[in-house]
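Working through the structure, step by step
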Amino acid sequence: MDFSIFDELSDYLPEEILMKYFNQIINYYESTGNVSIIDLSEAIYQLSERQWHTYKCLAENTKHKVDRIIKEIIDTDSYELMDNVASIIAYLGLPESFQTLKEIDRTNLSANVRKLIEETINELDGNIDNPYSGLE
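Every value quoted in this text rests on a predicted model; they were computed, and no experiment measured them.

What counts as what
- Every chain is numbered independently, its residues counted from 1 as its sequence is written.
- Under the rules for a predicted model, residues below a pLDDT of 70 receive no local features and side-chain atom pairs below 80 are neither given nor counted, while totals for whole chains, interfaces and linings still include all residues.
- Values reported for side chains reflect all heavy atoms of the structure, with hydrogen atoms and water molecules removed beforehand.
- Aromatic pairs are defined between Phe, Tyr and Trp rings, using the six-membered ring for Trp, whenever the two ring centres lie within 6.5 Å; interplanar angles under 30 degrees are classed as stacked, those over 60 as edge-to-face, and all others as tilted.
- Strands are runs of DSSP state E lasting at least two residues, helices are runs of H or I lasting at least four, and both sets are numbered from the N terminus onward.
- Accessible area is worked out with a 1.4 Å probe on protein chains only. A residue is then buried under 20% of its type maximum, exposed over 50%, and partly exposed in between.
- Residues are treated as being in contact if the distance between any of their heavy atoms lies within 4.5 Å.
- Side-chain atoms alone can form a polar contact between residues adjacent in sequence; in general such a contact is a pair of N or O atoms within 3.5 Å, and within protein one must be able to donate a hydrogen while the other accepts it.
- For our purposes a nonpolar core is just a set of buried Ala, Val, Leu, Ile, Met, Phe, Trp, Tyr and Cys residues, chained together by side-chain atoms within 4.5 Å.
- One fewer than the residue count of a helix, multiplied by 1.5 Å, yields its expected span.
- Of all possible arcs, the one meant is that of the directions from the helix axis to the C-beta atoms.
- Salt bridges are defined by distance alone: a side-chain nitrogen of Lys or Arg within 4 Å of a carboxyl oxygen of Asp or Glu.

**Some remarks on the packing of aromatic side chains**
- Applying the stated rule across the entire model yields seven aromatic pairs.
- On the basis of an interplanar angle of 50° and a centroid distance of 6.0 Å, the ring pair of tryptophan 52 and tyrosine 91 is categorised as tilted. A residue pair is termed long-range when its members are at least 10 positions apart, and tryptophan 52 in helix 2 (residues 37–52) and tyrosine 91 in helix 4 (residues 79–92) qualify at 39 residues.
- An aromatic cluster is defined as three or more aromatic residues linked by ring pairs; in this entry it consists of Tyr45, Trp52, Tyr55, Tyr91 and Tyr132.

Written as structure tokens, this is what we have:
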């Protein structure tokens with residue numbers, strides 16, 4: 001799958017189109033063993049940002065599937081990946097991935113990854129279920 005197409009999408013897309021793209025990525029991830037995790041996270045990030053701009057939460061079943069994927073791909077050795085993961089968690093309000101983030105042992109992390117995780121936790125703690133809490 002060419003994940004670069006998601007970089008070129010319009011900033012604002014209808015929910016139906018976003019759902020189609022989220023489902024394509026989910027199906028591709030579930031059916032393919034060889035996926036670039038960075039490219040996958042970037043594609044999900046692009047869709048998550050556009051979903052956030054709809055001012056509506058992602059459908060629960062899709063949200064749960066994305067949450068599971070994000071939990072599986074977390075890798076604290078990659079700042080780029082963790083930056084995407086933190087944004088996806090915030091944009092979509094992913095409770096399981098957020099909990100995983102909170103449980104990461106931060107003692108042996110690079111300073112920039114540790115700071116990113118701590119900032120994400122501080123920003124989202126208590127508000128993870130509502131990605132729009134800062135707008136209310």
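Further notes follow.
**A few points about the environment of arginine 114**
- Note that arginine 114 resides in helix 6 (residues 111–124).
- Residue class for arginine 114 comes out partly exposed when judged on its relative accessible area of 26%.
- Each C-alpha atom, one on arginine 114 and one on methionine 82, is 9.9 Å from the other, the two residues being 32 residues apart in sequence.
- Ignoring anything within four residues of it in the chain, the contact list for arginine 114 reads Arg106, Thr107 and Leu109.
- Within the local environment of arginine 114, its side chain forms a polar contact with the backbone oxygen of leucine 109, the two atoms lying 2.9 Å apart.

**A word on the nonpolar core**
- In terms of nonpolar packing, the biggest core is built from 40 residues, with Leu40, Val66, Ile70 and Ile89 touching the most fellow members.
- Every element with two or more residues in this core is listed here: helix 1 (15–31), helix 2, helix 3 (60–73), helix 4, helix 5 (95–103) and helix 6.
- Among the elements that make up this core, the one with the highest residue count is helix 4 (seven residues).
- In contact with leucine 40, other than residues within four places in its own chain, are Phe3, Ile25, Tyr29, Val35, Ile69 and Ile73.

**Brief notes about helix 3**
- The end-to-end C-alpha distance of helix 3 is 20 Å, a good match for the 20 Å that 14 residues give at a rise of 1.5 Å each.
- The complete set of buried residues in helix 3 reads Thr62, Lys63, Val66, Asp67, Ile69, Ile70 and Ile73. Down the axis of helix 3, the sector holding all buried residues measures 165°, keeping them to one side. Among the exposed residues of helix 3, those oriented more than 90 degrees off its buried face are Glu60 and Asn61.
- In this structure, the buried side of helix 3 is in contact with helix 1, helix 2, helix 4 and helix 5.

**Section: unusual backbone geometry**
- Its identity as a non-glycine residue notwithstanding, tyrosine 55 has a phi of 60°, on the positive side.
- Assignment of secondary structure puts tyrosine 55 in the loop between helix 2 and helix 3.

**Looking at the environment of glutamate 96**
- Note on placement: glutamate 96 falls in helix 5.
- For glutamate 96, a relative accessible area of 31% corresponds to the partly exposed category.
- Discounting residues that sit within four places of it in the chain, glutamate 96 has contacts with His64, Asp67 and Lys71.

**Quick notes on the pattern of salt bridges**
- As enumerated under the stated definition, the model contains nine salt bridges in all.
- The shortest N-O distance in the salt bridge between aspartate 11 and arginine 50 comes to 4.0 Å. With aspartate 11 in the segment before helix 1 and arginine 50 in helix 2, the pair connects residues that are 39 residues apart, well separated along the chain.
- In this structure, the salt-bridge partner of arginine 68 is glutamate 30, at a minimum N-O distance of 2.5 Å. Of the two residues, arginine 68 sits in helix 3 while glutamate 30 sits in helix 1, which places them 38 residues apart along the sequence.
- Assessed through its relative accessible area of 44%, glutamate 30 is described here as partly exposed.
- Beyond isolated ion pairs, a larger network of salt bridges with shared partners links Glu30, Arg68 and Glu72.

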